[in-house]
Amino acid sequence: MYSFKNDYSEGAHPRILNALIESNLEQEEGYGEDSYSLKAIDLLKQKLGRTDVAIHLIPGGTQTNLIAISAFLRPHEAAIAAKTGHINTHETGAIEATGHKVVVAESDEGGKLTPEAVQAVLDAHPDEHMVKPKLVYISDTTEIGSIYTKGELEQLSEFCHAHNLILYMDGARLGSALCSEGNDLELSDLPELVDAFYIGGTKNGALLGEALVICRDALKEDFRYYIKQKGALLAKGRILGIQFLELFGDNLFFDLAAHANKMADRLREGLSEANFGFLADSPSNQIFPILPDILISSLQNNYSFHVWEKVDSDHSAIRLVTSWATKEEAISAFLEDIKELAKC
Ligand SMILES: Cc1ncc(COP(=O)(O)O)c(C=O)c1O
């Protein structure tokens, strides 16, 4: 059985494991004050071209979203997200459990938000008898594998700032977004455009870890208290620092994401050649081909993947995810198998 279920099915890139082993017996400060975390944060600031941002290393994506969003909002304020937004669909009500409603905005088939969609939410929440939408949650790549162009992000950013909204970007798969062929954003553009975002390590070759970047001054105060109170200030925070230092010490972070994208490109090309369509344009490491249900059942004997959604009475879209560790041979074998099975 080969898995295209996720980009966290494998452990960690060997260079990261080696870095953890090599530093294993060194004694370091705890709780993110170790020399590795401090260096990693400095390095990320350099890559962003901004020394004034605050950066915190946090173990996981749901944790990062809920700590950031609950810290940024006052009690009556709410987050706006696309229907497919991770905080709306796959975080077990984590944001709501902190007391903040997630209000759903209309999005296109790729799960991206526009100023018009956010405006419609604001119009529907006119006064204090309803929650006050205050933070706009977007993800890049989105949960449907689409990416924001610089122009789209600029428009959303201008709108949010004009309406005194906080723009927050979930970058669980930011590496894949920035290495996508259609991408025109640089990592260093983000602090200019969003108020906070995170750079995902877990889905891009790290054992675990996300780097939250807070760009707006008003959101920075006491942030370590919020992390600690939500149980996410790791005593052995060095584990996060060592990994981010390795990922960003050279081009490893981008090389791994580019590899995952390249493997997805090969899958996409092979499936297009075999005349299969796709649920949405997803130029990243997640693709959503539409297949006959009968073919999906046969494939499931040898491959695991998510069946994403029913498209008509006998077709569904499946989600195939490639990772930093996906091998060319696995892609070739899958494409050969699907072509064979489609003949039956
Ligand atoms: C866009 C996005 N955000 C956040 C998460 C949550 O990450 P974690 O599983 O580390 O909590 C995921 C995980 O799949 C994700 O796809």
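Residues numbered from 1 in each chain as written. Predicted model: local features only at pLDDT ≥ 70, side-chain atom pairs only at ≥ 80, totals over all residues. Heavy atoms only, no water.

As for the sheet that holds strand β4 (residues 102-105)
An order of β2-β8-β7-β6-β5-β3-β4 is seen for the 7 strands of this open sheet, with the pairing classed as mixed. This sheet does not close on itself; its edge strands, each paired only once, are β2 (54-58) and β4. Strand after strand, the sheet turns through a mean of 25° between neighbouring axes, direction not considered. Bridge analysis of strand β3 (residues 77-82) against strand β5 (residues 132-139) gives 4 bridges, and the strand direction is parallel. Looking at β5, one finds that Ile-80 is bridged to Val-136. (Pairing = 2+ DSSP bridges. Helix = DSSP H or I, 4+ residues; strand = E, 2+ residues; numbered from the N terminus. Axes fitted to C-alpha atoms, helices over the stretch in contact; angles between N-to-C directions.)

Digging into the UniProt feature "domain: Aromatic amino acid beta-eliminating lyase/threonine aldolase" (unreviewed entry) in the protein chain
Those places that UniProt annotates as "domain: Aromatic amino acid beta-eliminating lyase/threonine aldolase" (unreviewed entry) correspond, in this numbering, to residues 18-277. The span residues 18-277 is 43% helical and 15% strand by assignment, and the distance between its end C-alpha atoms comes to 42 Å. (UniProt positions renumbered as here; feature names shortened; annotations may be inferred.)

Digging into the site of the ligand
Within the structure, the ligand sits among Gly-60, Gly-61, Thr-62, Asn-65, His-86, Glu-91, Glu-143, Asp-170, Ala-172, Arg-173, Tyr-198 and Lys-203. In the model, a nitrogen atom of the ligand is placed 2.6 Å from a nitrogen or oxygen of the Asp-170 side chain. Arg-173 has a polar side-chain atom sitting 3.0 Å from an oxygen atom of the ligand. Coverage of the ligand by the protein amounts to 81% of the 400 Å² it exposes when considered alone. (Near = heavy atom within 4 Å. Polar contact = N/O pair within 3.5 Å; in protein donor to acceptor, adjacent residues only side chain to side chain. Areas by Shrake-Rupley, 256 points an atom, 1.4 Å probe, with all protein chains shown as cover.)

Considering the packing of aromatic side chains
Under the definition given, this model contains 13 aromatic pairs. Here Lys-39 stacks its cationic end above the ring of Tyr-36, 5.8 Å away from the centre of that ring. The ring of Tyr-148 has Lys-112 lying over it, and the distance from NZ or CZ to the ring centre is 5.8 Å. (Phe/Tyr/Trp six-rings, centres within 6.5 Å; stacked < 30°, edge-to-face > 60°. Lys NZ or Arg CZ within 6 Å of the ring centre and 35° of its normal.)

What about the domain arrangement of the protein chain?
Bring the parts together and some accessible area is lost; that lost area is often taken as the interface size. Segmentation of the protein chain into domains returns domain 1 (14-252) and domain 2 (253-343). Contacts between the two partners involve 24 residues from domain 1, matched on the other side by 19 residues from domain 2. Regarding the contact of domain 1 and domain 2, the summed buried area is about 2000 Å², with carbon and sulfur atoms giving 59% of it. Viewed at the interface, domain 2 and domain 1 are joined by 15 residue pairs in polar contact (both at pLDDT 80 or more). Of all the elements in the fold, those that place two or more residues in the side of domain 1 that touches domain 2 are α8 (174-178), β7 (196-200) and α11 (238-249). Broken down by element, the side of domain 1 that touches domain 2 gets its largest block of residues, 3 residues, from α8. Split by residue class, the side of domain 1 that touches domain 2 holds 10 nonpolar, 11 polar and 3 charged. (Domains from an automatic or database assignment. Contact = heavy atoms within 4.5 Å. Buried area = accessible area lost by both parts, 1.4 Å probe. Nonpolar A, V, L, I, M, F, W, Y, C, P; charged D, E, K, R; others polar.)

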